[in-house]
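Understanding the architecture of this molecule
Here's the letter readout for the chains.
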Amino acid sequence: MTEIIPEIKIIRENIKEWKSQGLSIGFVPTMGALHAGHESLIKAAKNECDKVIVSIFVNPIQFAPNEDFDKYPRQLQADKIICENNNVDIIFYPTAEEMYPDKNQDVNNSITAIVPPENFQDKLCGKSRIGHFNGVATVVLKLFNIVKPDKAYFGQKDAQQFLIIKKMIKDLNLSVEIIGCPTIRDADGLALSSRNAYLSEDERQKALSINNALTHIRTDYDSGIISAEIAINSALLVLDPQISVEYFEVLDINTFSVTETLKENTLIALAARVGSVRLIDNLLL
Ligand code: AMP
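Below, the structure is looked at part by part. Here the residue numbering is sequential within each chain, running from 1 through the sequence in written order. This being a predicted model, a pLDDT of at least 70 is required before a residue's local features are given, and a value of 80 or more before pairs of side-chain atoms are given or counted; all residues contribute to the totals for chains, interfaces and linings. Side-chain numbers come from the whole structure's heavy atoms, not from hydrogens or water.

1. Remarks on empty space enclosed by the protein
Our working definition: Using a grid of 1 Å spacing that covers the protein atoms alone, one calls a set of points a cavity when a 1.4 Å probe fits there but cannot get out, and a pocket when the set is open and has protein on both sides within 12 Å along at least five of seven lines; lining residues are those with an atom within 4 Å of a point. Grid points are joined across faces, edges and corners, and a volume is the space filled by probe spheres set on the points. Runs of E in the DSSP output that reach at least two residues are strands. Runs of H or I that reach at least four are helices, and both are numbered from the N terminus. Side-chain classes are defined by residue name, with Ala, Val, Leu, Ile, Met, Phe, Trp, Tyr, Cys and Pro counting as nonpolar, Asp, Glu, Lys and Arg as charged, and the others, Gly among them, as polar.
Scanning all chains against the criterion turns up one cavity of 30 Å³ or more. Considering the residues around the largest cavity, the lining is formed by Lys157, Gly189, Leu190, Ala191, Ser193, Asn196, Ala207, Ile210, Asn211, Leu279, Ile280 and Asp281. Sorting the residues of the lining of the largest cavity by element identifies helix H10 (201-222) and strand S10 (277-284) as the ones contributing at least two each. In the lining of the largest cavity, the residues fall into six nonpolar, four polar and two charged.

What follows is the structure in C-alpha cells.
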C-alpha cells in the first residue's frame, strides 16, 4: 500500500522511524503525470534502497509566468496506481502552501533561494527559462532536507538539471548520493515526457524527428565526424521543418562549456517547439 502524505511533519516522522531501524531511503522527486521514465527511476530506487519515497509537486517557483504551470497535467490517482504497482512506500504530495508558507508574489524577496552558478545557467534551457534552475535547485534542496534520502534518482533527459543538482550537492556538502538514470523512450524513439500529452497525433509524428536528429549525430560520430558544426548542420536537415529549434548545443559535460569537437562525454542537447509544445532531448557521447 502506497500512502499519500501531504504534510512535511508526517513525512519527517516516517523518516525518523525508518532511520532508527537503520533502513536506507531512496527518493524520486517528480512533478507527477508519471510515465515509464519516472517508473525507471522508481525501479532503480527500489532495487537499491529499503524504502522509497516519490514526491509529486508541481513546483510553482520553477515556472515563469508565461509557462504551463496551470495546465501542467495533474493525475494523482493514476500516479498512485503506478507507485503502488512499484511498491513505493510513500508519495509526498504537498501543497504549495506547505512547501512555501512565506512565499508571496515576489519570490525573490520572500524566500531564501539557491542560485546555481551563472555558467551552469547561461546555456541550454537556462538561457530562455530565466530563474528556472533557481526554482529547481531550491525545491530539490528543500525536498532533500525533508526526506533526508541516502540516494536520489534523476533522469539524464533533463541533463542540465542533473548537472546542476550534482553541482549543488558538491558545493553545499550534502550527503545524498545522486544517481543518474538513462532516458526512457517510446518504441518509436520519442523521449517520454509528461508534456507529450499536449501533442496532437500530427505533432507527435513531427516530434519523432528530434530523436532521429540525435541518432543521426551518433551515426555521424561513429563514422568519424568530429566537427560539432558539421554534425549539427546535417542533423538540422533531419528535423521536421515545422519544428522550431530553441537551441541545439554541443557541450563538454566535464566543464559544461561549449565545444567545437565531438568526443567522449560530449553532450548534444536540444529544445524545440512542436506547435506550442516545448520538448527537450539529448545525446551523451
Ligand atoms: P518531472 O516530473 O518531469 O520533473 O521529472 C521527474 C524526474 O523524472 C526527473 O529526474 C526527470 O529527469 C525524470 N524523467 C523524466 N522523463 C524521463 C525519461 N523519459 N526517462 C528517464 N527519466 C525521465
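Having seen the structure, we can now continue with the description.
2. A word on unusual backbone geometry
Of note, the phi angle at Ala33 is positive, near 50°, even though the residue is not glycine. As for its position among the elements, Ala33 is in the loop between strand S2 (25-30) and helix H2 (36-48). Its identity is not glycine, yet Phe256 carries a phi of approximately 50°, on the positive side. Along the chain, the position of Phe256 falls in the loop between strand S7 (244-252) and strand S8 (257-258).

3. Side note on the site of the ligand
To be explicit about the condition: For each residue, the test is whether any non-hydrogen atom lies within 4 Å of the molecule or strand; if one does, the residue is near. Between N or O atoms, a polar contact is any pair within 3.5 Å; within protein, one atom must be a potential hydrogen donor and the other a potential acceptor, and residues adjacent in sequence are included only when both atoms are from side chains. Residue burial considers only the protein chains on display, and all accessible areas are found by Shrake-Rupley using a 1.4 Å probe.
The immediate surroundings of the ligand are formed by 17 residues, with Met31, Gly155, Asp158, Ile184 and Leu192 found nearest. Between a nitrogen atom of the ligand and a main-chain N or O atom of Ile184, the distance comes to 2.8 Å. If the ligand stood free it would expose 490 Å²; the protein chains cover 92% of that surface. Of all the elements in the fold, those that place two or more residues in the shell around the ligand are S2, H2 and strand S5 (151-155).

4. Some words on the sheet that holds strand S6 (residues 177-181)
As a general point, the strands of a sheet are linked pairwise by backbone hydrogen bonds and lie either parallel or antiparallel. What counts, and what does not: A pair of strands counts as paired when DSSP detects no fewer than two bridges linking them. The convention used is that axes are lines fitted to C-alpha atoms, helices contributing only their stretch in contact, and that angles between N-to-C directions extend from 0 to 180 degrees. The contact definition used throughout considers only heavy atoms, calling two residues in contact when any of these lie within 4.5 Å.
On the basis of which strands lie adjacent, the open sheet formed by six strands has the order S1-S4-S3-S2-S5-S6 and parallel pairing. At either end of the open sheet lies a strand with only one pairing partner, and these are strand S1 (3-5) and S6. Across the sheet, the mean angle separating the axes of adjacent strands is 25° when strand polarity is ignored. Of the strand pairs in this sheet, S2 and S5 are connected by two bridges, and their pairing is parallel. Bridge pairing links Phe27 to Ala152 in S5. Strands in contact with helix H1 (residues 8-20) are S1, S2, strand S3 (51-56) and strand S4 (90-92); relative to S4, the strand with the most contacts, it is inclined by about 145°. This element, helix H8 (residues 132-147), spans S2, S3, S4, S5 and S6 of the sheet and lies at about 150° to S2.

Coordinates in, geometry out; function isn't part of it.
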